[in-house]
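Architecture at a glance
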Amino acid sequence: MGHVNELPCNMIIDTGANVSIIRNDLAQKLKRETPLDPAPRGATDRDGEKIDIHGKLKVKIRFGDTTYQHAVYVADIADPFILGLDFLKEHGFTLDFNKNELRSIHEEVTIFKIEHRSEPIRQVTANENITIPPRTEIIVPGYIGNDVSFNSGLIGTAENKANGLLIASTLVDLSRKTIPVRICNVTEKPRVFQKGEVLATCSPVTCVCKSSSLLLSNSPQQLTPDLLENAELSPNRKAPQKDCSKNLKTCFLETVAILAIRQ
């Protein structure tokens, strides 16, 4: 479900726990990175059973693209990691039990039950008979069914699709009855879909980040400079790219001007 100091870790959200706890053996793997602070030697769990507290550890907890720093207790518990109310309150999380979602101001994380953790890729079928003309791109209404356990999905190309069709990779809201599938027919022949025929696939999306580290300008003219600035390129490689974009920009402007004169 998440990471603790970059270490993958299954976490239990326990609204009955006032504090967050990490299991002792997992904490031992992190002690080299973070010193263990002293803490009270005894505590009780929600069943009233006594547990030994070995100390307190400051860790980095990550869901999706967001990392949270938090102090957790180290104890001999059955679960690897328990997220308690202290973590949820401190970082502004809320639980939506109807949608199985953990929400914060930064992201929404879908919480699967154990039997849903291996949710398969689903098929999106056509809602109606539809024909896509040659060399045309349209949005086709699709259907995925009502028995999905996730709320967001990523549309992809079905393995058995014929050549000549391009399926746009799209994030869709599965709470809606109709799933939009953007399809482009790049051939010279019309493509007919019958009702119930598979259009595309839909993969489960468990985390949607609400903010992006790459904030692009709304100006189209600034789009290329923004992309180059955030690209993982060395200064020596960025310079030729900037020159190339300037030359292409001039080329396109001249082409548009020539076409305007001819018209």
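Computed from a predicted model, the values in this text were never measured in an experiment.

Quick notes on the rules
- Residues numbered from 1 in each chain as written.
- Predicted model: local features only at pLDDT ≥ 70, side-chain atom pairs only at ≥ 80, totals over all residues.
- Heavy atoms only, no water.
- Salt bridge = Lys/Arg side-chain N within 4 Å of Asp/Glu carboxyl O.
- Buried < 20%, exposed > 50% of the residue type's maximum accessible area, 1.4 Å probe, protein only.
- Helix = DSSP H or I, 4+ residues; strand = E, 2+ residues; numbered from the N terminus.
- Core = buried A, V, L, I, M, F, W, Y, C linked by side-chain atoms within 4.5 Å.
- Pairing = 2+ DSSP bridges.
- Phe/Tyr/Trp six-rings, centres within 6.5 Å; stacked < 30°, edge-to-face > 60°.
- Lys NZ or Arg CZ within 6 Å of the ring centre and 35° of its normal.
- pLDDT = per-residue confidence, 0-100.
- Contact = heavy atoms within 4.5 Å.
- Axes fitted to C-alpha atoms, helices over the stretch in contact; angles between N-to-C directions.

A separate point is the pattern of salt bridges. Between side chains of opposite charge, pairing is possible as soon as their charged atoms come close. Inspection of every chain in the model, using the stated rule, returns 6 salt bridges. Here D25 makes a salt bridge to R23, at a shortest N to O gap of 2.8 Å. Given a relative accessible area of 24%, R23 falls into the partly exposed group. Ionic pairing is found between R182 and E137, a salt bridge with its closest N-O pair at 3.5 Å. Residue R182 is found in strand 19 (residues 179-185), and its partner E137 is found in strand 15 (residues 136-143); the two are separated by 45 residues along the sequence. On the basis of relative accessible area, E137 is assigned to the partly exposed category, the value being 46%.

V4, M11, I22, I61, F63, F81 and F87 are the most contacted members of the largest nonpolar core, which has 20 residues in total. Taken together, the elements giving at least two residues each to this core come down to helix 1 (24-30), strand 7 (50-63), strand 8 (66-75), strand 9 (81-83) and helix 2 (85-90). Here this core gets 4 residues from one element, more than from any other, and that element is strand 7. Counting 19 residues, the second-largest nonpolar core is a separate cluster that includes A126, I130, I155 and L174.

The subject of this paragraph is the pairing of strand 8. Along strand 8, 7 of the 10 residues are buried, which leaves the element largely enclosed by surrounding structure. Across 3 bridges, strand 4 (residues 21-23) lies against strand 8 in parallel orientation. Bridging across to strand 8, I22 finds its partner in V74.

Attention now goes to the packing of aromatic side chains. Applying the stated criterion across every chain, the model contains 3 aromatic pairs. Here F87 and F93 contribute two aromatic rings whose centre-to-centre distance is 5.4 Å and whose plane-to-plane angle is 25°, an arrangement assigned as stacked. With respect to burial, F87 and F93 carry one shared label: buried. An aromatic cluster is defined as three or more aromatic residues linked by ring pairs; in this entry it consists of Y68, F87 and F93. Note that R191 overlies the ring of F193, its terminal NZ or CZ placed 4.3 Å from the centroid.

With that out of the way, let us pick up the confidence of the model for the chain. Looking at the chain, the pLDDT average stands at 75 and 62% of residues meet or exceed 70. Scored below 50 in pLDDT, residues 211-217 shows 7 contacts in the model against residues more than four places distant or in partner chains. Every residue in residues 252-263 is under pLDDT 50, and counting partners more than four places away or in other chains gives 0 contacts.

As a further point, take unusual backbone geometry. In this structure, N5 takes a positive phi of about 50° despite not being glycine. Of note, N5 is situated in the loop between strand 1 (2-4) and strand 2 (7-9). The phi torsion at R135 lies on the positive side, around 50°, for a residue other than glycine. Mapping R135 onto the fold places it in the loop between strand 14 (130-132) and strand 15.

As a further point, take the sheet that holds strand 17 (residues 165-167). The 7 strands are arranged 17-19-15-13-21-16-18 in an open sheet whose pairing can be described as antiparallel. Edge positions in the sheet fall to strand 17 and strand 18 (171-173), since each of these pairs with one other strand and no more. With strand direction ignored, the average angle separating the axes of adjacent strands in the sheet is 45°. With 7 bridges connecting them, strand 15 and strand 19 associate as antiparallel partners. Bridging from a neighbouring strand, G142 pairs with I179 of strand 19.

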